[in-house]
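Take a look at the letters that make up each chain.
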Amino acid sequence: MTQPLVVFPMAGVTMSTLSPAPDLQGDPALLWHARHLDDWCSIALDGELDIFSAPRLRRMLHGVARTPGVATIVVDMSRVEFIDARCVGVIEEAWSSARERGRELRVVGLAGLPARVFDIVGLDHLVGGESPSRREG
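The rules behind each value
Residues numbered from 1 in each chain as written. Predicted model: local features only at pLDDT ≥ 70, side-chain atom pairs only at ≥ 80, totals over all residues. Heavy atoms only, no water. Core = buried A, V, L, I, M, F, W, Y, C linked by side-chain atoms within 4.5 Å. Buried < 20%, exposed > 50% of the residue type's maximum accessible area, 1.4 Å probe, protein only. Helix = DSSP H or I, 4+ residues; strand = E, 2+ residues; numbered from the N terminus. Contact = heavy atoms within 4.5 Å. Axes fitted to C-alpha atoms, helices over the stretch in contact; angles between N-to-C directions. Parallel < 35°, antiparallel > 145°, perpendicular 65-115°, else oblique. Left-handed = near helix turned anticlockwise from the far one by under 90°. Pairing = 2+ DSSP bridges. Salt bridge = Lys/Arg side-chain N within 4 Å of Asp/Glu carboxyl O. pLDDT = per-residue confidence, 0-100.

This part covers the nonpolar core. Core analysis: the largest hydrophobic core is formed by 32 residues, its most contacted members being I43, L45, L49, L57, M77 and I91. Put simply, the parts of the chain that give this core at least two residues each are β3 (31-37), β4 (40-49), α1 (54-65), β5 (72-83), α2 (85-100), β6 (104-108) and α3 (112-120). Among the elements that make up this core, the one with the highest residue count is α2 (seven residues). If sequence neighbours within four positions are ignored, M77 has contacts with L45, L49, I83, I91, V107, V108, G109, L110, P114 and F118.

Further remarks concern the packing of α1 against α2. At a minimum axis distance of 9 Å, the contact between α1 and α2 shows a crossing angle of 15°. If you check the angle between α1 and α2, you find them roughly parallel. Of the two elements, α1 crosses α2, and the hand of that crossing is right-handed. Mapping the contact onto sequence places A54, L57, R58, L61, H62 and A65 in α1 and R86, C87, V90, I91, E93, A94, S97 and A98 in α2.

Strand order in the open sheet formed by four strands is β3-β4-β5-β6, and the pairing between neighbours is mixed. Every interior strand has two partners, whereas the edge strands, β3 and β6, have only one. Put simply, the sheet's adjacent strands are angled 20° from each other on average, direction ignored. Two strands pair when backbone bridges link them, and β4 and β5 are joined in this way by nine bridges, in the parallel orientation. Bridging across to β5, C41 finds its partner in I73.

So, about the pattern of salt bridges. Summed over all chains, the structure comprises three salt bridges. In this structure, D46 and R79 form a salt bridge, with 3.0 Å as the shortest nitrogen-oxygen distance. In this pair, D46 is assigned in strand β4 and R79 in strand β5, connecting sequence segments 33 residues apart. Assessed through its relative accessible area of 12%, D46 is described here as buried. Classification of R79 as partly exposed rests on a relative accessible area of 47%. A salt bridge links R58 to E93, with the shortest nitrogen-to-oxygen separation between them at 3.1 Å. Placement of the pair is R58 in helix α1 and E93 in helix α2, with a sequence separation of 35 residues.

Confidence in the prediction for the protein chain averages 77 pLDDT; 72% of positions are at 70 or higher. Here strand β2 (residues 16-18) is the element of the protein chain with the lowest mean pLDDT, 33, and β5 is the one with the highest, 95. In the predicted structure, residues 1-27 sits below a pLDDT of 50 and forms 51 contacts with residues beyond four places in sequence or in another chain. Counted against residues more than four places away or in other chains, residues 131-137, with its pLDDT under 50, gives 14 contacts.

Put into structure tokens, the structure is as follows:
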């Protein structure tokens, strides 16, 4: 069983511990962990990104995009096995929101189906770079 992830407080996001729990449809909940390093915010996602997790993903990404002092937002999707069109749209909206504020949002760790989806829909401009924790470690 996956260990609970601690979510650190930031603008628009409340502090809580998220652990695996089925939602009303029986799908696993979206888990995430946010970490600040200098002017970076690294967000590690875990689970399936689908219609049920889209509202939570939208609130979290837009909250981070509005956080003062964050210049670069890195979304680590290395533990995401599925993403649907709605969540792809949410990530693209967050990229636009960050860009409007002079910030950068990029996606790292894509593999399997999520990588194929990003390739098919032409979101190459969101993919690349490395997270600050990997850069330093």
